[in-house]
Structures are given as structure tokens and as C-alpha cells.
Amino acid sequence: MAKINLREMARNQSGVITAVKVGGELGQRIRDMGLVPGAEILVQGRAPLYDPVALRIMGGTLSLRNNEADYIEVEVADE
Amino acid sequence: MSNELTIALAGNPNAGKTTLFNALTGSRQHVGNYPGVTVDTKEGRYSKNGLSCRLVDLPGIYSLSPYSEEEVVARDYLVNQRPGVIINIVDASNLERNLYLSCQFMEMGVPMVIALNMIDVAKKRGIEIDHQRLSELIGLPVCPVVARSGQGISELMVAAIAHAREHSKWQPAKISYGEDLDAAMLDLSEMIKAADFLTQDYPARWTALKYLEKDDRHLSIGDSVNVEMSARLVEKVEQVSRHLEQTVGSEPDAMIADHRYGFIKSIVKQNVVHRTIDPDRLYASDRIDKVLTNRFAGPLIMLLVLLGLYNFTFTYSALPVAWCEAFFSWLGVVADTFVPDGYFKSMLIAGIIDGIGGVLGFVPLIMFMFFGIALLEDTGYLARVAFMMDRIFRIFGLHGSSVMAYIISGGIAGGCAVPGVMATRTLRSPKERMATLLTVPFMNCGAKLPVLALLVGAFFSENQARYMFLFTLLAWLMALLAAKLLRVTVLRGASTPFVLELPPYRFPTFQGLFIHTWEKTWHYIKKAGTVILGISILLWAMMTFPALPETDRQVFEDQRQQMSDQVSPLLFAELEGTTEPSIEALALYEDLLAVDGAEAEAALRYSVAGRIGTAMERISWLPGFDWRTNIALLGGFAAKEVIISTLGTSYSLGQVDPEASESLAATLGNDPGWDAVKALSVIIFVMFYAPCFVTVACIIKEAGSWKWGVFSITFNTFFAFLLSTLVYQVGSRLF
């Protein structure tokens, strides 16, 4: 198992969030939408210009910008 | 009926809240507006089986944080209006995420019933929810419903009304946030209870929680009541924060959110949800997304969809718009025939009928536009557009959703800024929304096109199409740059977090589409109508008064008299008659028209507008405008196509029809005062200066303050003036 940044995740790769390293409004928004430690995510795809990223979480789809994804640390299975 | 039960509907966006509201109230609803905010709350009535109550539809929200207007409105509503019970709509196929908001309502302690919506969709996805088990675990009634078909909603209302009767007191649920925070919550609650701090309105536990979350909004409410007590609580929270930082390296607000999800997970795991299908399976919606947001096909399809919307709006509304126009010109003719000549008649026709016609003429356009947008929004496609366009628009401090507003305003030449400004409602980020709604009027709307076509036709006739295309690109460039400028100055600030839900694709309900469309359209008629009528009359008065003095009018009268004395009266008879008039008679007619034109020109110059236009020459020489252009531009504030007719009057051509302006083009082309550089300068000015006042009225309404209307007029005019001056001064030195 390796910990990587959400931005570095590939399409169709899945993992479990281990940390959300931001506070304030952005931190709150990220958590409000279910991106909390322990949540399983799957990268569903990226926008045509590689940003934002679309994630599958708890049965729904969310999108967030890469610079927001930078605050999210994910544990993924080793290649 | 002051003690009638009020039920508030709350839930996540896309959980089917509006559908449920429509199903419960039918057409008995109206939009309410909170002063100072642009968030709508709808109200309606429910009565069935002898039960009757008032229903309030709160804005769709994900959380009760203090960061967005919607969330604050919902919070304040619950606290200040104290509804008897809230119905929390929860999407059954997305249970965990939706329960996050429910969890916060439980913390607040409002009497609540959960409507478990879209159980049919969930079932298809292999998700079965044991609603009785869920109800036992959270201690609240849970009613399975399908809002779309109305299944289960009668039972829901029975349960909600019964629950309201049994529970009149707010009882905050005690959710655990971990050992440290639980202890802190107890301490804080004790302090709050002992001091009777805010307990009139808020349960002590809720205040304690909000202080731990460092919720600015609640802190300022606390400060306004008791600064000293508030400071003591903040100090206590600081202690806890420091301790947590050292021991677990986390902040209280983050830990609280994590534990809420922990609480939800612990409930859901207790045999509430049964899945028969792998949760990571691709559903129909995901398969559609594979195509619609595909790197190559996605943008192409988006372009087609947006073009389609644009065509739909402007092509299909053309006929009803023409009917409206025909009706008002008929009304003008009627007034012309039956009302005696004089100022009243002139005001009635040029001020009132043209003014109201100007507003109502947009109505079909707005209806079609809202219908199209509602369709894109309700199906879930709009969120995908935002997703795909965000990277580009972010560069300019905007949001992916901004693209719609620009296109409707004339991003594809020929739109209209009025529906464009109104389309910014789909943007949830306040700063990005303001920047968008202030810059959409830069686009080349349908009313600017004839002005542009006139000048391009007169001075750049060889490459007409190419120039028009260039001006469209220029409009985009300038609008985006101006948005960027606004975002680093008056609307400065970090971009609003983009975290956006991409809801599953759904078929919209027709009831929803029609209610939505009608509501928005009626809003426009009401708000815009009053302002516009006033300004229309004002502009008419400015271009009419003061009237030419008697002595000046006599000069023109004498000229007319002189002409008719010189020719035989038979010629007049010929003009009145039905047969083809002779060449001499036509010449006389032309001469008389020329005198009328000259009189209209003199009268316009003598009026307030004319004097302003003349006075403005003191600075308008910079971009190369004379008094004639100035008046025309002033008139363009009523509607941009008025520029043509006013320019016609000031060049003594009488009334010029914007659709057939060849004579004016020829006059300008031969006028020594005009050349290509001046034409370009005027074109640039027309493209970017103050939006027409219908647009300004909409900006004021959408931005929530008249100050933004004033800002829009001054900022745009100043911006246009600088650009035109640059073009004219540099251009006339080079050529």
C-alpha cells in the first residue's frame, strides 16, 4: 500500500482517503461532500483539459479541481 | 390562521426536493424572496384528506456551514421562523452522503421526518433500504417515497403532521465526536446554559458545536449578544484546538465532520442497506458520461448542444416575438389614429407603448431560454458543461458554468444579455457569478448587430463577414479580460471551491419544467416592467423637451409654405390620390420630407438630449464622436437598435428602420465627418458601453443591489471610452 496525492491517481484507479490537509471553507466543502478519511474513491475520469477530476464516492459522482485535489491524500494498492 | 402548521422542505440539491414540493403543492405556490439576498424560497399549500398546512421549500444545500448564501438562508429560516417540522428529502440511492445534512439537522434538534426519495431508482441499482431499521436507529420517522410519481407522499404528510404535534420542543441529538471533543462539548454546553447564552433561539449543544467549528456566522451572532461570554467560549475552544493539534494533529471542525460520517457509517452498517449489485458497477448514467465527457467527443457534443439551445431559443421564439412586436405596433397605430395630436400622444406612443413593448417583446425569448436551461439543468447536463469548461474559464477567475450565460448573451452573435444575466442563476459561486453577470453585456447581442452591420456595411463592405466574425471574437476576449480585471479588483478573492456534484442523468418532469419556466418569466415581467416604463418615459422626455421655440418652428413652416406656393395644388391632390404620382409630385414630396427631417434634427438638437450630446463633445472628441453620435449613443441606452433611428433623425433622414438602413449607410459613407477609423471607434464603443436599461434592471435584480447597476453603467462606459479613444487616437495617426 502506498500513500499518494489524489492528483497523481490514474483513471479507474481506486483508493481510500487517509487525510484531508486543508481547513477553512475549502476544507469544509471537501468534507461536506463526503471526502473524509476512510472514504473509498474511484477516479472516474478527467475533463478534456485534464482538470477537474471526476470521482466516484459513496455511490455518487463528484468533481473537483486538481489544486483542490492536492490537499487529499489517498492510500492506493501497489502496482 | 396564525397557528397553522408550517412544514419546511430541506435536502441536498438533486435529491428531488423541488419535485416533491411540486407534487405536494401542485400549482398552489409562489416565490418568496429574502431581502438583500438572491436566494429564492418558495411557499405553497398542501391540503388533502382533511389535512392542511403551509409548505416552504428551502434552498438545496449539502451542509449547514456558514459559507454560502443558501446555507445561511436555510439556517436562519429554521431559527427565526421555527417551522413545526422539517421534511428532509434524502436520495435513497445516495444515502450516506445525504444523511450528512440530516445529521446536522439532528444536531440542531429541529423536529424532523425523513422522506427517503427515489427508492425505485435505488432498487434498480440493487440497493434496498430497511427504512424501519433506519428509523429505529436514528429515532426519527422515515417514509419511503417516489416524489416523481407521488407514491408514498400522503403517508409522508400524515407522518410529518403527527410528528409535529408530538414534538414541539427542539431536542438536539447527542452524536459522539470522539473523547476529547465530547468532553469539550459538555464543558461548553454547561458554560452556555449557566450564562443563558443564546438559549432563547438555539439549543446549548448547537451553540457549543458551532463555536467548536469556529463558525463565523454563529460567532458574530454570539458577539452581538454578549461579547464577554463569546470571548470566553472562543478561549475555551482555542485550548481544545491546541490540545487536539498536539495530540492528533487535527482541527475540531475537521474532526467533527469525520465523526459525522463515522456516525452515519455506523448506522448504515447495522443492516440498513442491502446491496445486491456491486456498488462500483457502471450504471447507465456512467456509460452516458463515458461519451458525453469524453476527451474528444465531449467538447464536440457540448458545442452541438449549446448551439442547439441557442437555435431553439432564438429560432422558435422569433415567431411569438414577432407577434408581440406586431401587437405593439398595431397598438401604436391605434393610438396614432384615435388620440389627438400633442405631447400626450407622443408620450403614449414613443414612451409608454414602445417602453412596455420593449419589455414584453423579450418575454417569449426569456420563456424559451429558461425552458432550455431548465431542461439542461434538470437532466444533469449543465453540471457536465461546467465540468468540461472549468479549466478555461478558471483562468479568467470564472467558473465552468459561466459559459452558458455568455453564449446566451451573444457569444454566438445575436443573443440577448437580458436572459444571459438571468442565466447566471445557475452559478453557485457568488464572486464568479457577479463577474459573469457584469461582463455578459459585452457580448454582441441581437440589438447591437444591426448597428454593427450598418457601420461595417458603410466602411468595411469588402470583408463584411470577416469583420463581423472578428467583432464576435473581440467581444469574447474583452468580456473574459474584463471579468479577470473585476476578479483582481472589486471582486477580488480566492475562487470558490469547485467541489461539484455530477448528478446522474435523469428525465426531467414536465410539471417541473413548466413551473420553473413560468415562475422565472413572471418574475422578469414584474420586476423589469416597472423600472423600464419609467426610464422609457424619461428618455422620451429628454429627446422631446424643451421643444423648439415658436420662431424656429415658423422658419420651417415658412419653407413648407413657400414650396407649396410655388407649385400647383394639383400636385398635392396627386399625392393624396390613389394613382401613381408624377415625377414632379414625387419631387415635391421629397422636398417636404427634407424640411420635416431638418425640423426633427433641429428639435432633437434643441432638446435636453441634444444639449447633453453637444456638451459631451468636450470630451467625446477623444474617441472622435460629434454631437450626433453622442445623442444616438444616449438613445442606445433605451435599446441598442435605437442608435440607428436616432442617428437617422440627427442626420435629418427622419425615422430610419433598423432593418433597412441603406440610406443612412450611404449618408454616413459620404459624410466627410466619418471615416473607417471613426466607424471602428463607434463600433467598439457600441459593443462595450453601458448595457441597455432592460439589462441594467436585470443586473440590479440579480445582483441584489442598485449599486451594481450603477457600477455596470459607469464601468462599461469608462471601459468603452478608453478603448475607443485608443482606437481613434492611434488609428487617425496611422491612417
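Model, not experiment: these values are computed from the prediction.

Basis of the calculations
Residues numbered from 1 in each chain as written. Chains lettered and ligands numbered in written order. Predicted model: local features only at pLDDT ≥ 70, side-chain atom pairs only at ≥ 80, totals over all residues. Heavy atoms only, no water. Salt bridge = Lys/Arg side-chain N within 4 Å of Asp/Glu carboxyl O. Helix = DSSP H or I, 4+ residues; strand = E, 2+ residues; numbered from the N terminus. Buried < 20%, exposed > 50% of the residue type's maximum accessible area, 1.4 Å probe, protein only. Contact = heavy atoms within 4.5 Å. Core = buried A, V, L, I, M, F, W, Y, C linked by side-chain atoms within 4.5 Å. Domains from an automatic or database assignment.

## Some points on the pattern of salt bridges
Where charged atoms from two side chains of opposite charge come close, those side chains can pair. All names here are of chain B. Across all of its chains, the model carries 35 salt bridges over all chains by this definition. In this structure, R506 and D91 form a salt bridge, with 3.7 Å as the shortest nitrogen-oxygen distance. Of this pair, R506 sits in the loop between β10 (500–501) and α23 (510–544) while D91 sits in strand β5 (residues 85–91), placing them 415 residues apart in sequence. Residue class for D91 comes out buried when judged on its relative accessible area of 4%. Note that R394 and D390 form a salt bridge whose closest N and O atoms lie 3.9 Å from each other. Pair noted here: R394 and D390 are both in helix α17 (residues 381–395), with a separation of 4 residues, about one helical turn. Comparing R394 with D390 shows no difference in burial state: the two are buried. Each of R75, E107, K210, E213, D215 and R260 takes part in one network of salt bridges that share partners.

## So, the side chain of S712(B)
All names here are of chain B. Tracing the backbone shows S712 in helix α33 (residues 706–734). Of the residues examined, S712 reaches a relative accessible area of 1% and is grouped as buried. Those residues within four positions of S712 in sequence are excluded, and the remaining contacts are L438, P691 and I699.

## So, the nonpolar core
All names here are of chain B. Y406, V418, Y524, L668 and F688 are the most contacted members of the largest nonpolar core, which totals 106 residues. Excluding residues that lie within four positions of it along the chain, L668 makes contacts with L454, L455, F459, L647, Y651 and W674. Formed by 89 residues, the second largest nonpolar core is a distinct cluster that contains V90, L140, A184 and V268.

## Notes on the domain arrangement of chain B
Split by domain assignment, chain B resolves into domain 1 (6–166), domain 2 (179–275), domain 3 (297–426 + 467–513) and domain 4 (550–592). For domain 1 of chain B and domain 4 of chain B, the distance between their C-alpha centres works out to 76 Å.

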